[in-house]
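Residue-level structure breakdown
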Amino acid sequence: MAGSDRDGEGRRLGEFAVALLCLGALSLIAVALASTGGALGTADIVGTNETDDDMGAVDQPNLIGSGSLGNADRNPVGAGIGDGPNPFVADSDEVQFVAIGDRPAYWRVDAYGEYDDGAWLRTGDATQFDGERRPLGSASTTETYYVSLEHEAAALPTAWEPARVTGDSTFFLSSEQGIHPQTELSAGNTYTVERYHYDITPAGLQNSWGAYPVSVERQYTHVPESVPERVETRSAEITADAETPYETVLAITDWMEENRQYDREATHTEGDPVDAFLYEMEAGNAEYMASSTAIMLRSEGVPARYVTGYAPGEASPDDDGRYAVRGVNAHAWTEVYFAGYGWVPIDPTPADQRVTTETDTIDPDGELVEQTPTMETLLNPPELPDGPSSIDLDDPDDPTPDPDEEQDDPDPGDESDDETNSEDDETNSEDDDPDHGDDSDDESDDETNGEDDESDHGDDSDDETNSEDDETNGEDTEQETDEGLTINLSTVPPAPGTDVTATIRDVDGPLSDATVRFDGETVGTTDADGEVTGTVPYQETLTVEVTPSDDDEQATATFPVATDVTIVPEPLPLVSGGEATVSAQVSGEPLPDAPLSIDDEPVGTTDESGAVTIAVPETAEQGEHTLTVNRDGISGERTVTAGPLTLTPESETVLALPGQAMTVTATVGETPVAGVEIRDGDTVVATTDADGQATVDAPYSPEATVTGAYAGQETTVTIENRLLPVTLGGGLLIGTIGVLGLVVRRRSAQLVRVRRRVALRVHRGINAGVETILWLEDVLATAPSLIGEMYGSLLDRVTRLSGLTVATLWRQGPKALIAGIRAIFSRITALLSREKQESDRSRSPSDTTDQAAETTSDTGRTTADTLRQAWARFVHLVLRRIDPSLTPGDIERRAVGIGFPREPVERLTDTVRVVEFGRGDPDKGLEDVTAALTEIEETETDQELDRSEDGR
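Residues numbered from 1 in each chain as written. Predicted model: local features only at pLDDT ≥ 70, side-chain atom pairs only at ≥ 80, totals over all residues. Heavy atoms only, no water.

1. Describing helix 19 (residues 888-897)
Turning to helix 19, its buried residues number three or more, namely G889, I891, E892, A895 and V896. Down the axis of helix 19, the smallest arc covering the buried residues is 160°, so these residues share one side. Across from the buried face of helix 19, at angles greater than 90 degrees, the exposed residues are R893 and G897. G899 sits one or two residues past helix 19 and shows a positive phi near 115°. (Buried < 20%, exposed > 50% of the residue type's maximum accessible area, 1.4 Å probe, protein only. Helix = DSSP H or I, 4+ residues; strand = E, 2+ residues; numbered from the N terminus. Arc of directions from axis to C-beta.)

2. A short note on the pairing of strand 39 (residues 645-649)
Burial along strand 39 is one-sided: the residues L645, L647 and P649 are buried and none of T646 and T648 is. Direction of pairing for strand 39 relative to strand 41 (residues 661-668): antiparallel, over a ladder of five bridges. For L647, the partnering residue across the bridge sits in strand 41 and is A666. (Pairing = 2+ DSSP bridges.)

3. Focus: the packing of aromatic side chains
With the rule as written, the count across this model stands at twelve aromatic pairs. Centre to centre, the rings of F97 and W107 are 5.9 Å apart; their planes meet at 85°, and the pair counts as edge-to-face. Residue F97 is located in strand 2 (residues 95-100), and its partner W107 is located in strand 3 (residues 107-112); the two are separated by ten residues in the primary sequence. We classify F97 as buried; its relative accessible area is 0%. (Phe/Tyr/Trp six-rings, centres within 6.5 Å; stacked < 30°, edge-to-face > 60°.)

4. A look at the packing of helix 5 (residues 245-259) against helix 7 (residues 286-299)
At a closest axis distance of 10 Å, the pairing of helix 5 and helix 7 adopts a crossing angle of 145°. Crossing of helix 5 over helix 7 shows right-handed handedness. Where helix 5 abuts helix 7, its residues T248, V249, I252 and M256 lie against M289, S292, T293, M296 and L297. The residue inventory of the contact of helix 5 with helix 7, partitioned by class, reads six nonpolar, three polar and no charged. (Axes fitted to C-alpha atoms, helices over the stretch in contact; angles between N-to-C directions. Left-handed = near helix turned anticlockwise from the far one by under 90°. Contact = heavy atoms within 4.5 Å. Nonpolar A, V, L, I, M, F, W, Y, C, P; charged D, E, K, R; others polar.)

5. Concerning the environment of N488
Assignment of secondary structure puts N488 in strand 22 (residues 486-489). A distance of 3.5 Å separates polar atoms of two side chains, one belonging to N488 and the other to E478. (Polar contact = N/O pair within 3.5 Å; in protein donor to acceptor, adjacent residues only side chain to side chain.)

6. Side note on helix 5
Here helix 5 spans 21 Å end to end across 15 residues, near enough to the 21 Å set by a 1.5 Å rise per residue. Along helix 5, the residues that are buried comprise P245, Y246, T248, V249, L250, A251, I252, T253, W255 and M256. (Expected span 1.5 Å × (residues − 1).)

7. Some thoughts on a negative patch on the surface
There is a patch of like negative charges on the surface, built from D91, D93, E94, D263 and E265. Note that D93 resides in the loop between strand 1 (74-76) and strand 2. (Patch = residues over 30% accessible without salt bridge, like charges linked within 9 Å, V, L, I, M, F, W, Y side chains within 5 Å. Areas by Shrake-Rupley, 256 points an atom, 1.4 Å probe, with all protein chains shown as cover. Salt bridge = Lys/Arg side-chain N within 4 Å of Asp/Glu carboxyl O. Lys, Arg positive; Asp, Glu negative; His and termini not counted. Charge placed at Lys NZ, Arg CZ, Asp CG, Glu CD.)

8. Here we look at the sheet that holds strand 31 (residues 574-575)
Strand order in the open sheet formed by five strands is 31-38-37-34-35, and the pairing between neighbours is mixed. Each of the sheet's edge strands pairs with one partner strand only, and the pair in question is strand 31 and strand 35 (601-605).

9. Observations regarding the packing of helix 19 against helix 20 (residues 902-916)
Contact geometry for helix 19 and helix 20: axes closest at 10 Å, N-to-C directions at 170°. In this view, helix 19 runs roughly antiparallel relative to helix 20, as classed from their interaxial angle. Each of P888, G889, E892, A895 and V896 in helix 19 lies in contact with helix 20, whose residues at this interface are R902, V905, E906, T909 and R913. Its residues placed into classes, the contact of helix 19 with helix 20 shows four nonpolar, two polar and four charged. (Parallel < 35°, antiparallel > 145°, perpendicular 65-115°, else oblique.)

10. Details of unusual backbone geometry
Across residues other than glycine, the phi torsion is negative in most instances, and most of the peptide bonds are trans. Note that the residue after V492, namely P493, is joined by a cis bond; omega there is -5°. Summarising the element assignment, P493 is placed in the loop between strand 22 and strand 23 (499-506). Here E570 and P571 are connected by a cis peptide whose omega angle stands at 5°. On the secondary structure map, P571 appears in the loop between strand 30 (565-570) and strand 31. For D519, which is not a glycine, the phi torsion comes out positive at approximately 50°. Structurally, the position occupied by D519 is in the loop between strand 25 (515-518) and strand 26 (521-525). Judged by relative accessible area, D519 falls into the partly exposed class, the value being 30%. Positioned with a positive phi, D599 is a non-glycine residue whose angle comes to about 55°.

11. Some details on the pairing of strand 32 (residues 579-586)
With seven of its eight residues buried, strand 32 lies for the most part within the structure. As judged from the five bridges shared by strand 32 and strand 36 (residues 611-615), these two strands associate in the antiparallel manner. Following the sheet pairing, A580 is matched in strand 36 by I614. Examined bridge by bridge, strand 32 and strand 33 (residues 589-590) share two bridges and lie antiparallel to one another. In the strand pairing of strand 33, V586 is matched with E589. The loop that links strand 32 with its antiparallel partner strand 33 comprises two residues; one of these, S587, has a positive phi angle of about 55°.

12. Some details on the pattern of salt bridges
Per the counting criterion, the structure on display carries 24 salt bridges. Across the pair D73 and R122 runs a salt bridge, and its minimum N-O distance is 3.0 Å. Taken together, the residues span a long stretch of sequence, with D73 in the loop between helix 1 (2-35) and strand 1 and R122 in the loop between strand 5 (119-121) and strand 6 (127-128) at a distance of 49 residues. Here D73 falls in the buried class, since its relative accessible area comes to 6%. Owing to a relative accessible area of 6%, R122 belongs among the buried residues under this scheme. The closest approach of N and O atoms between E903 and R907, which form a salt bridge, is 2.3 Å. With a gap of four residues between them, E903 and R907 both fall in helix 20, about one helical turn apart. Note on E903: relative accessible area 46%, which makes it partly exposed. Each of R108, E176, R305 and E335 takes part in salt bridges that share partners, so that together they form one network.

13. Quick look at the confidence of the model for the chain
Mean pLDDT over the chain stands at 74; residues scoring 70 or higher make up 65%. Within the model, pLDDT remains below 50 along residues 31-53, and this stretch shows 25 contacts once partners closer than five positions in the same chain are excluded. (pLDDT = per-residue confidence, 0-100.)

14. Some remarks on the sheet that holds strand 4 (residues 114-116)
Hydrogen bonds between backbone atoms are what pair the strands of a sheet, whose relative direction is either parallel or antiparallel. One open sheet accounts for three strands, arranged 1-5-4; its pairing is antiparallel. The strands lining the two open edges of the sheet, one partner per strand, are strand 1 and strand 4. Sheet twist, expressed as the mean angle between neighbouring strand axes with direction ignored, is 25°. The pairing of strand 4 with strand 5 spans three bridges and is antiparallel. Paired with Y115 across the bridge in strand 5 is W120. Set on the sheet, helix 7 makes contact with strand 1, strand 4 and strand 5; between it and strand 5 the angle comes to about 65°.

15. Details of the nonpolar core
One finds F97, W107, W120, L149, V165, Y310 and F338 to be the most contacted residues of the largest nonpolar core, which totals 75 residues. The element contributing the most residues to this core is helix 7, with eight residues. Those residues in contact with F338, other than ones at most four positions away along the chain, are L205, S208, P245, Y246, V249 and V344. Within the second largest apolar cluster, 22 residues are counted, among which are A580, V586, L591 and L627. (Core = buried A, V, L, I, M, F, W, Y, C linked by side-chain atoms within 4.5 Å.)

What follows is the structure in structure tokens.
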């Protein structure tokens with residue numbers, strides 16, 4: 001029964017060990033999966049939204065932002081997603097949403113940063129939108145829009161660049177700054193968008209030469225190998241004369257307008273869609289134009305990305321800031337990265353062709369918006385006049401009509417004003433007033449215009465104001481000197497460093513061969529038209545001095561100069577000890593050769609483009625600092641923030657599986673920064689996003705150093721992973737327990753033999769102690785004269801005994817030790833008595849014979865002594881002590897009674913008796929005793945193991 005219990009316990013122990021081993025194996029599998037990113041197969045999965053369950057990832061009619069409009073992570077060019085119609089081809093006139101704002105805007109859903117095999121991809125994870133995001137560039141102000149949904153929305157159309165979004169949902173921000181609700185918003189929902197507004201000018205973009213952030217340049221200038229090489233050839237041909245990124249953008253958009261037609265239904269048949277559009281197609285929709293623009297810009301080293309959403313829509317006829325956006329307004333455009341401004345929207349699709357198509361689809365009550373004012377300015381900058389800004393009525397080439405000639409009334413006003421207009425015409429005819437202004441002001445205007453004889457064609461509602469302004473502008477652009485000369489400038493106020501044309505007239509007309517100086521520096525002599533062109537000095541005012549050729553008398557006029565200085569640093573905030581590119585402009589023009597300082601400490605001088613790369617002083621502590629640029633009389637300053645670059649992990653001490661994703665945050669001062677390269681050694685493993693965050697893998701080693709590189713500065717942080725030692729140690733322990741459990745369960749015969757051998761060695765060590773005492777006894781009995789030598793030998797043997805033997809001797813108990821000591825002293829007493837008797841005897845001639853007999857007797861005594869030692873070992877096995885009071889028969893009966901095998905016990909006892917009483921051969925008896933004792937000792941070892949197992 002006891003054996004059965006032991007077997008059951010062994011099985012349970014084995015099963016427990018096997019379970020622990022399985023847990024350890026699962027832990028190791030988890031570590032392996034974490035280190036490989038969890039990939040168990042080789043199939044590529046692109047995007048996170050393209051599933052059958054996520055209906056917002058496919059194209060659906062009247063689902064705002066679905067599929068191709070931005071909610072899909074993979075967006076093929078020229079094809080829809082799923083079974084729904086491609087929104088860029090469909091011509092639905094249903095209103096999708098209504099927006100209210102101060103100005104029209106393109107309604108951006110999302111963007112795509114990677115192009116491959118004819119489709120745009122959006123990579124990276126979305127993060128929960130906390131309600132506010134920081135601007136990517138130097139924003140000047142914010143604007144607010146209110147949006148009301150007429151249909152369900154899978155993603156939110158927002159005006160770029162969104163700063164805050166509020167609504168009845170939890171929102172997520174994609175890796176390309178698109179706003180996505182946690183669940184689709186139903187029709188009737190409203191939300192508010194507050195966006196950053198930038199003061200962008202063509203001159204500012206023209207001089208945007210700042211270095212791109214490394215992460216932006218690496219991702220958004222990449223052109224995959226799947227794009228044919230002739231695409232790059234075509235883009236190089238188109239932009240051959242472009243010298244700046246802005247000129248590159250204009251060259252490509254101009255080519256689109258001149259060489260490709262807008263056709264919503266045009267599509268390619270095979271191959272790469274960009275290649276097909278540039279070489280095989282004569283028309284295409286916004287997908288093709290925006291995609292081709294982005295790829296060509298990338299091939300020229302200009303960062304660009306593909307954007308989807310909606311065109312501005314239809315402006316309300318009530319002019320109340322309402323815009324109705326319909327399905328036919330689905331649109332795609334391009335965003336281009338300009339240093340100092342961030343991502344700037346550029347629409348390469350010809351606006352007039354798009355609006356014509358939209359108008360054919362719907363019958364608008366209001367006005368369809370062609371472009372946002374920002375895009376209108378960027379792509380179609382107003383041309384400055386080449387000639388003088390004022391009009392000379394005596395100039396026969398002046399296109400302005402003579403007010404004395406009869407003119408057709410150009411007033412396209414409301415018919416209800418015809419009667420009043422007729423009266424106005426009569427009055428105007430009498431007063432020679434060509435003004436066609438607002439009728440409500442005619443009476444007052446007639447008097448003024450009659451006296452001033454102005455030729456204003458301004459806004460009808462502002463005639464009186466415009467009359468005053470014209471007079472003021474005339475004084476600004478044209479001044480009469482006391483010497484009777486008129487000095488006119490082509491641009492007022494002119495920008496420093498730009499060329500301006502001065503026109504000089506006297507009472508007879510243009511004055512030629514007159515010497516003209518700008519601020520005392522001669523710029524040349526006037527030509528036959530009285531004109532001379534010179535460069536405006538870098539001063540707050542421009543003094544024009546004129547000396548006629550036939551007169552030494554000098555005429556002078558002073559004009560104001562544009563002194564509005566703009567300073568654009570990149571990156572911002574500045575990194576203490578890092579690098580930055582600073583662009584300086586005055587009235588949109590570069591400010592070259594201007595010293596730049598930080599907190600009055602000189603750091604560099606701008607080049608011809610008005611830019612300079614500086615080393616930010618390491619002493620620039622966290623907080624606000626002043627950038628100052630100054631050239632002659634033109635100066636400007638800007639307050640910027642600066643601080644040290646820091647890298648902060650979620651925790652410097654973690655318990656994470658090796659390879660498990662961890663978040664690190666890069667900040668400059670207290671501001672999170674994007675574009676920081678996270679490096680492991682020389683390898684870039686991640687780049688921070690707009691929130692300054694990046695994910696890295698937990699280190700495999702117990703300690704790892706992570707480096708952040710940004711703007712020429714580096715910072716490091718050490719991450720300690722304490723889980724690794726625990727994992728390895730725990731795995732080793734579990735594995736060891738499992739192996740031992742299996743061995744115990746199988747009750748390996750080899751383990752049993754090992755245990756027996758160990759037990760036998762222990763018992764032999766114990767017997768060695770007993771034999772030592774018996775040996776001492778025999779030595780005392782045999783050689784009393786060698787007592788001193790005996791003690792030395794005893795000490796030597798005791799020293800060589802193991803700790804186990806000493807412990808075993810102690811376990812014999814006090815009684816056994818006392819009995820042994822008593823026996824030794826008794827023997828010593830007997831020996832001393834016999835020694836005394838023998839010393840009293842006189843020696844006889846028979847001593848030699850007696851000595852020979854004693855020699856023979858010694859041989860027999862040696863064998864007998866060995867038999868006695870064997871008997872003593874047997875007695876120890878039975879009694880565990882030395883007890884001289886027991887007879888051999890008593891010991892025999894006790895041995896059999898406690899379980900020793902009867903046959904070897906009886907054989908041992910009988911042999912000792914026979915030899916001890918001199919009736920048997922000692923040598924033969926020794927062999928029998930040794931064999932019997934060995935068998936008894938093996939039985940004792942088995943019993944000892946059984947007792948040990950029972951004790952568990």
